[in-house]
Amino acid sequence: MKNIKDFSLEELKQEMQELREKPFRAEQIFQWLYQEKVKSFDEMTNLSIALRDKLKENYTICNYKIIQKQESKDGTKKYLFDVLDGNAIETVLMQYHHGYSICVSSQIGCKMGCKFCASTGIHFIRNLSAGEILEQIIAVEQDENIRISNVVFMGIGEPLDNYDNVVKAIRLINHPKGLNIGARHISVSTSGIVPKIYQLAEENIQCTLSISLHATNNQKRSRMMPVNKVYPIEELLQACRAYIEQTNRRISFEYALAKDNNDHLQDAKELVNLLKGMLCHVNLIPINPIENGAYTKSSNENIIKFRDYLNENGIVATIRRELGSDIEAACGQLRRKNL
Ligand code: SAH
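If you're wondering where the values come from, they're calculated on a predicted model, not measured in any experiment. (Residues numbered from 1 in each chain as written. Predicted model: local features only at pLDDT ≥ 70, side-chain atom pairs only at ≥ 80, totals over all residues. Heavy atoms only, no water.)

Draft legend 1. Region of the structure containing the overall build of the chain. Helix and strand counts for the chain stand at 11 helices and 14 strands. The C-alpha atoms of the chain give 21 Å as radius of gyration, which agrees with the globular expectation for 339 residues (20 Å, within 12%). For the chain, the spread of C-alpha atoms along the principal axes amounts to about 70 × 40 × 35 Å. Within the chain, the proportion of its 339 residues that are buried is 56%. Across the chain, contacts joining residues at least 24 apart in sequence account for 66% of those joining residues at least 6 apart. About 14900 Å² of surface is accessible on the chain, with carbon and sulfur atoms providing 47% of the total. Where the 43 positive side-chain charges of the chain centre and where its 42 negative ones centre are 1 Å apart. (Helix = DSSP H or I, 4+ residues; strand = E, 2+ residues; numbered from the N terminus. Rg over C-alpha atoms; globule rule 2.2 N^0.38 Å. Buried < 20%, exposed > 50% of the residue type's maximum accessible area, 1.4 Å probe, protein only. Contact = heavy atoms within 4.5 Å. Areas by Shrake-Rupley, 256 points an atom, 1.4 Å probe, with all protein chains shown as cover. Lys, Arg positive; Asp, Glu negative; His and termini not counted. Charge placed at Lys NZ, Arg CZ, Asp CG, Glu CD.)

Draft legend 2. Main features of the site of the ligand. As a structural note, the neighbourhood of the ligand is formed by 20 residues, with Phe116, Ser189, Ser212, His214 and Asn288 the closest of them. Take Asn288: an N or O atom from its main chain is 2.8 Å from a nitrogen atom of the ligand. With the chains in place, 96% of the 530 Å² that the ligand exposes on its own is no longer accessible. Contributions of two or more residues to the shell around the ligand are made by β10 (186-190) and β12 (251-257). Split into classes, the residues belonging to the shell around the ligand amount to 9 nonpolar, 9 polar and 2 charged. (Near = heavy atom within 4 Å. Polar contact = N/O pair within 3.5 Å; in protein donor to acceptor, adjacent residues only side chain to side chain. Nonpolar A, V, L, I, M, F, W, Y, C, P; charged D, E, K, R; others polar.)

Draft legend 3. Seen up close, helix α4 (residues 130-144). For α4, with 15 residues, the first-to-last C-alpha span of 22 Å sits near the 21 Å given by 1.5 Å per residue. Among the 15 residues in α4, 13 count as buried, and that is most of the element. Positive phi shows up at Asn145, right after α4, with a value of about 55°. (Expected span 1.5 Å × (residues − 1).)

Draft legend 4. Focus on the pairing of strand β11 (residues 208-212). Judged by how many residues are buried, β11 sits mostly within the fold: 5 of 5 residues are covered. Burial along β11 is two-sided: Thr208, Ser210 and Ser212 and Leu209 and Ile211, pointing in opposite directions, are all buried. Bridging between β10 and β11 involves 4 bridges; their strand directions are parallel. Note on β11: the bridge partner recorded for Thr190 is Ile211. The handedness of the β10 to β11 crossover, carried by helix α6 (residues 194-201), is right-handed. Bridging between β11 and β12 involves 3 bridges; their strand directions are parallel. Across the sheet, Ile211 pairs through a bridge with Phe253, a residue of β12. (Pairing = 2+ DSSP bridges. Right-handed = clockwise from strand over helix to strand, strands pointing away.)

Don't take any of this as a statement about function, it's just geometry.
Printed below as a string of structure tokens:
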């Protein structure tokens, strides 16, 4: 059966016509799904019983079951959701002073093979649909009785490897009749699938693009991230420049610092040379070591030196606060778990 949250408003109007219903029914359904966040068609009380029955026959409302919920000392919460086909995914809720931020997964597993990331150890199963991506936000808002104000595509999976569903999900998250979260409060993070960066630039969405850079030369980056063998740094940065040109949006570069790997002053110098003059920001992440991984965290002292060097040389850099590491909810620690 079709998941009713997989449709854009236009598509749902089309569906209503096929069911011989008036298109405005789609708007009512949207209201119930995304403002009221109901879990059943029976709760859509301004629809006739006959229409509710028709909807039940044709669609499901994908309601995730919470398999596990863990809470960190810092208030971060990690959910393990049953996505209703025997698979499970993780989603993380973080609280900042400006509101709640959610880190969503876009795929069940990941194909990219980054050496430092826990999602790598599990093989790829499938893409999440737009509705399945959205449902993570709705399920957490319902569970905590909160309104989420920021969405980051930094959970399991490579968002640009599931391009169509991710773009559709972003539009639904952003739509005034959808979840109505401002595009500037939505970030998409990519390991660097160059053709899709050009494509995203054309979508006319004001979301933030984050690039997982992590190294400043191809030899080192290819060792950490196999995708670099297909799309090397020069091509990646050229795509980023085109993205900035097209969207006028600042790009955020993620750089996870691993001891004695990419945390030397020389690396900081190379990073300045690469990013000089670009409308960008560097997010430094102390790398989170994973089981059997080759990388360990840089010292705080090194991380601060690295940040200061960038800032003194014209590149705006901040150190990302580590949240949820005690419940394996920090960057790169998410995995698909079997039920
Ligand atoms: N596939 C996308 C999004 C998921 S990862 C991407 O690669 O961008 C979200 C961020 O966490 C990425 O910047 C990723 O490189 C980073 N990350 C992965 N493993 C990490 C680890 N062990 N420590 C710190 N950051 C990590």
